[in-house]
Amino acid sequence: KMKNLILIVSLLLSINCKAQSPIIDIIDDDGSVVNGAYYKDVNNLLNPFEGTYIYTSGSTTLKIVLVKKVLQYNSQYYEDLIIGEYQYIKDGVQLANTLSEITTTYLNQRNHKIEGNLIVDKNYRVWKCTSCSLTENRLSTQIEDVVSERFAELVLRRTTEGGQEVMKIKITNISRVIEIEGQPTAPDFALPIGEFTLIKQ
C-alpha cells in the first residue's frame, strides 16, 4: 500500500511539473498556443492594473474592479491574467452589475466579464498612445456586455493626472451579431464606446 502511495504521489508530481513546462513570459507571447505551457507574468507587469476604478459623468458611472490571477488553467495551458467585473449606471439607471462575480472561481477564469493578459506598447494599432513612453506597458483585455451578450476590446493604461492615480481606457472593436430571420433583433451594445478616464479608488 505504501509503495502504491509513493508511486501515485511521484506520478502526480511528475505530471504537475510537466504540465507547466515550458514557462513563457507573457510579454513574449506571440499568439501561438503551446499546450501545457505556463504563460507567466515574469516581471509582474499585470500588477499595476489591479484595483477599483470609477468613471463619473453626471448621473452616469462605470465602476471596474480588476484582480490578477496566477497559474490559471484554461484546458490548454496555464497563464497569469487580469480578470474583472463591472457596474454600469447610465443616466441614473443601472444597466449592468456583475461586481458580485469578482470572487467567483470558474474552471476557466476567462469566463469573467473582463479578462486578458496581452501587454501592448505605445504603437498598438487599436489605440496609439503619443504621450506614452517607449517603455510604458498597457494592457489589452476583452469585456463582455451582459445586456447584448456582445464582446469588445478593452485597452487599459495606468497613469497619473494631477497626482491622482487613474486608468485611461478605450472600449472598441465591438463584436458583430448575426441576425437570424424570424428571431428577435439583438439588443444594441449597452456599454459606453470610446475613451474614458477612471479614478483609482
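In every chain, residue numbers begin from 1 and rise along the written sequence. Only residues with pLDDT of 70 or above have their local features reported here, since the model is predicted, and side-chain atom pairs are shown and tallied only from 80 upward, although totals for entire chains, interfaces and linings are computed over all residues. As a rule here, side-chain values cover all heavy atoms of the structure and leave hydrogens and water aside.

## Digging into unusual backbone geometry
1) Next: For asparagine 44, which is not glycine, the phi torsion reads 55 degrees and is therefore positive.
2) Next: Segments assigned H or I by DSSP are reported as helices when at least four residues long, segments assigned E as strands when at least two residues long, and all are numbered from the N terminus. Position of asparagine 44 among the secondary structure elements: in the loop between strand S2 (38-40) and strand S3 (51-57).
3) Next: Taking the relative accessible area as the measure of exposure, asparagine 44 reaches 42% and is therefore partly exposed.
4) Next: We note that leucine 71 has phi near 50 degrees; this positive angle belongs to a residue other than glycine.
5) Next: Mapped onto the elements, leucine 71 comes out in strand S4 (residues 60-73). The cut-offs for exposure are 20% and 50% of the maximum accessible area for each residue type, with area from a 1.4 Å probe on protein chains only; residues under the lower value are buried, those over the upper are exposed, and the others partly exposed.

## Focus: the state of the cysteines
1) Next: Disulfides are defined as cysteine sulfur pairs within 2.5 Å. Applying the stated criterion across every chain yields a total of one disulfide.
2) Next: Note on cysteine connectivity: cysteine 129 is disulfide-linked to cysteine 132, with sulfurs 2.0 Å apart. Its S-S torsion of about 85 degrees marks the bond between cysteine 129 and cysteine 132 as right-handed, since a negative value means left-handed. Across the pair, exposure class does not vary: cysteine 129 and cysteine 132 are buried alike.

## Re the pairing of strand S8 (residues 138-145)
1) Next: S8 sits mainly inside the fold: seven of its eight residues count as buried.
2) Next: By the convention used here, strands pair only if DSSP detects at least 2 bridges between them. Pairing geometry for strand S7 (residues 114-120) and S8, over five bridges, is antiparallel. Pairing of glutamate 115 across the sheet is with glutamine 142, part of S8.
3) Next: The sheet contact formed by S8 and strand S9 (residues 150-161) spans seven bridges and is antiparallel. By the bridge assignment for S9, isoleucine 143 is matched with alanine 152.
4) Next: Between S8 and S9, which pair antiparallel and follow one another directly, the connecting turn spans four residues, one of which, glutamate 149, has a positive phi of 60 degrees.

## Here we look at the environment of valine 42
1) Next: Turning to its location among the elements, valine 42 is positioned in the loop between S2 and S3.
2) Next: Taking the C-alpha atoms as reference points, valine 42 and tyrosine 55, separated by 13 residues in sequence, lie 31 Å from one another.

## What about the side chain of arginine 150?
1) Next: Within the secondary structure, arginine 150 is located in strand S9.
2) Next: What qualifies as a polar contact is a pair of N or O atoms within 3.5 Å, subject to a donor-acceptor requirement within protein and to the restriction that residues adjacent in sequence count only when both atoms come from side chains. Reaching out from arginine 150, the side chain makes a polar contact with the backbone oxygen of serine 175 at a distance of 2.9 Å.
3) Next: By definition, residues are in contact when any of their heavy atoms lie within 4.5 Å. Beyond its immediate chain neighbours, meaning those up to four positions away, arginine 150 contacts Ile143, Glu144, Asp145, Ile174, Ser175, Arg176, Val177, Pro187, Asp188 and Phe189.

## A word on the packing of aromatic side chains
1) Next: Centres within 6.5 Å make a pair out of two Phe, Tyr or Trp rings, where for Trp the six-membered ring is used; the pair is then stacked when the planes are under 30 degrees apart, edge-to-face when over 60, and tilted otherwise. A complete count under the given rule lists three aromatic pairs for this structure.
2) Next: Between tyrosine 55 and phenylalanine 196, the ring centres sit 5.1 Å apart and the planes meet at 65 degrees, which makes this aromatic pair edge-to-face. Here the residue tyrosine 55 occupies a position in strand S3, and phenylalanine 196 occupies one in strand S11 (residues 194-200), the gap between them amounting to 141 residues. The same class applies to tyrosine 55 and to phenylalanine 196, which are both buried.

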